[in-house]
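Each chain, written out:
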Amino acid sequence: MALPFLSSLPMPLAAAQAIAEPRKRLVTIGTFLGMYPGEWHPTAGSDRVPKLLEPLMPHRDDFTVVSGVDHGINGGHKGTPSFLSGVYQPEYIGESIMVRNQVTLDQFAAKTLSKDSRYHSLQFGASEGKPTQTVSWDENGVPLLPEADPMKVFKKLFVNDLNPEAASKAMDLKRSVLDMVADDAKSLQKEIGYEDRQKVDDYFSSIRDVEKRIERQQQWVNTPKPGIPPLLERPTTFHENLDLMYELTALALEHDSTRVVSIELPAGGLPIIFQGRQLSGYHGQSHHGKDPEVVDELVNIETMHIQSLERFMTRLKSIDDGGASLFDRTQILFGSGLGNGSSHSNKNLPVLLAGGDLKHGRDLIFEEGTTPLCNVFVTMLQQLGIETDSFAVSTGNINNELA
């Protein structure tokens, strides 16, 4: 049975080497409807704490709010999937708009961080969302849909296969499917147009990616999963479910099932309980039209988002990771690709960084239009030990502020 770090047990040489080279993690959290800007962004020269940040004040020295950054796009809600990729590529099919994305920050980092873990990455949801609200996209532009059922997540993380030998046999492809159809594929490419060739290439790339994932799982199929007491009930509200997904994230990182997790906070799904009454979602509150009562309700809903984040940060701080807390070894990015839900603006995005090997304790306020959010991503990646000088539309980094 796999165990987390236990300081009371003798440490083998291999384990000692692993601790000497700390395992770095990344958790990205994206909210589809943004955060109300009037109670999120700190004001330069003012000591006032915005209401949405008040729950995090016990961790004041361990987080940074970054204001004034964006991706230089205009897409409203359709642009929110750009949060972790930095790009917005609308594709018109008739009168409908589809979005083709590029690889997101979490997936880019997972290639390096999770190469020795059971799972390349994990995608969780506070509730059931829609593909257009997905925060994680692979390098082929395919959305990685989050799992919002904690029972299924628990089974994936902690319940062993009943028949590992049969599972391994079922996953044994022997030979790549693409190799089997290579000649037919070449003939097909000669007969179709450029756009169709691109679609076929993307399709084949997706198949190859699935094969690689199956090979990865085949290597782990006989390795026991960590033993954890079973979940007994499913949560019935948005924030109960979010809190449980955060707990499952903490356990997955602690047991090194993966080192990269993304969490989606969609616009609807499970009910939100606000002041004793049930809401089916909060999309209407995000389009408040500056009505003070509606704004107040929105701020209270988003405060619950941050209260859940605070509990997650506290939980990570309680977990020993061999000489440091799991929080110290984990970069947390919270934010959205939507800056203002009411006006559908993708400018001045809400961005918060916590934990990890970053300098915190103060907030960064950039002049709007001067600093791409992707510059922040470059610094994050470099501090995670990933050698890169660029990401998507970056123009540099902010190492002098965070590193």
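Provided above is the structure to which this section pertains.
Residues numbered from 1 in each chain as written. Predicted model: local features only at pLDDT ≥ 70, side-chain atom pairs only at ≥ 80, totals over all residues. Heavy atoms only, no water.

Chemist: Is there a simple way to think about the packing of aromatic side chains in this case?
Modeler: Two measures describe an aromatic ring pair: the distance that separates the ring centres and the angle between the ring planes. Tallied over the entire structure, the rule returns five aromatic pairs. Aromatic pair F108 and F391: ring centres 5.5 Å apart, planes at 80 degrees, arrangement edge-to-face. With a gap of 283 residues between them, F108 in helix α2 (residues 105-113) and F391 in the loop between α11 (373-383) and α12 (399-402) connect regions that are remote in the sequence. For F108, a relative accessible area of 26% puts it in the partly exposed group. Every member of this aromatic cluster is reached through a ring pair, and the members are F108, F377 and F391. (Phe/Tyr/Trp six-rings, centres within 6.5 Å; stacked < 30°, edge-to-face > 60°. Helix = DSSP H or I, 4+ residues; strand = E, 2+ residues; numbered from the N terminus. Buried < 20%, exposed > 50% of the residue type's maximum accessible area, 1.4 Å probe, protein only.)

Chemist: Where do I start with the side chain of R25 in this structure?
Modeler: Structurally, R25 can be placed in strand β1 (residues 25-31). Those residues within four positions of R25 in sequence are excluded, and the remaining contacts are L113, L253, R259, D321, L326, R329, T330, Q331 and L384. (Contact = heavy atoms within 4.5 Å.)

Chemist: Hey, could you run me through the side chain of H305 in this one?
Modeler: Inspection of the secondary structure puts H305 in helix α10 (residues 292-317). Owing to a relative accessible area of 0%, H305 belongs among the buried residues under this scheme. A polar atom in the side chain of H305 sits 2.9 Å from the side chain of H239. Dropping the residues within four chain positions of it, H305 is found in contact with T31, M35, F238, H239, L265 and Y282. (Polar contact = N/O pair within 3.5 Å; in protein donor to acceptor, adjacent residues only side chain to side chain.)

Chemist: Any chance you could explain the pattern of salt bridges here in plain terms?
Modeler: Within the structure shown, the criterion is met by 14 salt bridges. Residue E39 pairs with R48 through a salt bridge whose shortest N-O separation is 2.8 Å. Residue classification places E39 among the buried positions, given a relative accessible area of 11%. With relative accessibility at 45%, the residue R48 sits in the partly exposed group. Here R259 and D256 are joined by a salt bridge, their closest N and O atoms 2.8 Å apart. (Salt bridge = Lys/Arg side-chain N within 4 Å of Asp/Glu carboxyl O.)

Chemist: Would you mind going over the nonpolar core with me for this structure?
Modeler: As a rule of thumb, soluble globular proteins bury nonpolar side chains together. Judged by nonpolar contacts, the single largest core of 54 residues is most densely connected at I29, W40, I263, L309, I332 and L352. Once you skip the residues sitting within four places of it in the chain, I263 turns out to touch V27, T28, I29, G30, F124, V135, L242, Y246 and T249. (Core = buried A, V, L, I, M, F, W, Y, C linked by side-chain atoms within 4.5 Å.)

Chemist: I tried to follow helix α8 (residues 238-254) on my own but got confused; where do I start?
Modeler: Turn by turn, an α-helix covers 3.6 residues, leaving residues three or four places apart pointing in a common direction. Given a rise of 1.5 Å per residue, 17 residues ought to cover 24 Å, and the 24 Å separating the end C-alpha atoms of α8 matches this to within 8%. Counting buried positions over the 17 residues of α8 gives 14, a clear majority of the element. One or two steps after α8, the chain reaches D256, where phi turns positive at roughly 60 degrees. (Expected span 1.5 Å × (residues − 1).)

Chemist: Would you mind showing me how to read the environment of K130 here?
Modeler: When you line up the elements, K130 lands in the loop between β5 (122-125) and α3 (150-158). K130 gets classed as exposed once you look at its relative accessible area, which sits at 52%. Note: C-alpha distance between K130 and A267 (137 residues apart in sequence) is 8.9 Å.

Chemist: What exactly am I supposed to notice about the environment of A109 here?
Modeler: Tracing the chain through its elements places A109 in helix α2. The class of A109 is buried, set by a relative accessible area of 0%. Sequence separation between A109 and R25 is 84 residues; the distance between their C-alpha atoms is 9.1 Å. In contact with A109, not counting residues within four places along its chain, are L26, V260, L381, L384 and I386.

Chemist: Help me understand the sheet that holds strand β11 (residues 364-365), please; the structure alone is not making it clear to me.
Modeler: For sheets, the rule is that strands pair by backbone hydrogen bonds, running either parallel or antiparallel. Taken in spatial order, the seven strands line up as β5-β6-β1-β9-β10-β2-β11 in an open sheet, and their pairing is mixed. Looking along the sheet, the strands with just one partner apiece sit at the ends: β5 and β11. Summarising the sheet, strand β9 (residues 330-335) and strand β10 (residues 351-355) pair through five bridges and their orientation is antiparallel. Directly across from Q331, in β10, lies its bridge partner G355. Contacts from α8 reach β1, β5, β6 (260-265) and β9 within the one sheet, and its direction differs from that of β6 by about 175 degrees. (Pairing = 2+ DSSP bridges. Axes fitted to C-alpha atoms, helices over the stretch in contact; angles between N-to-C directions.)

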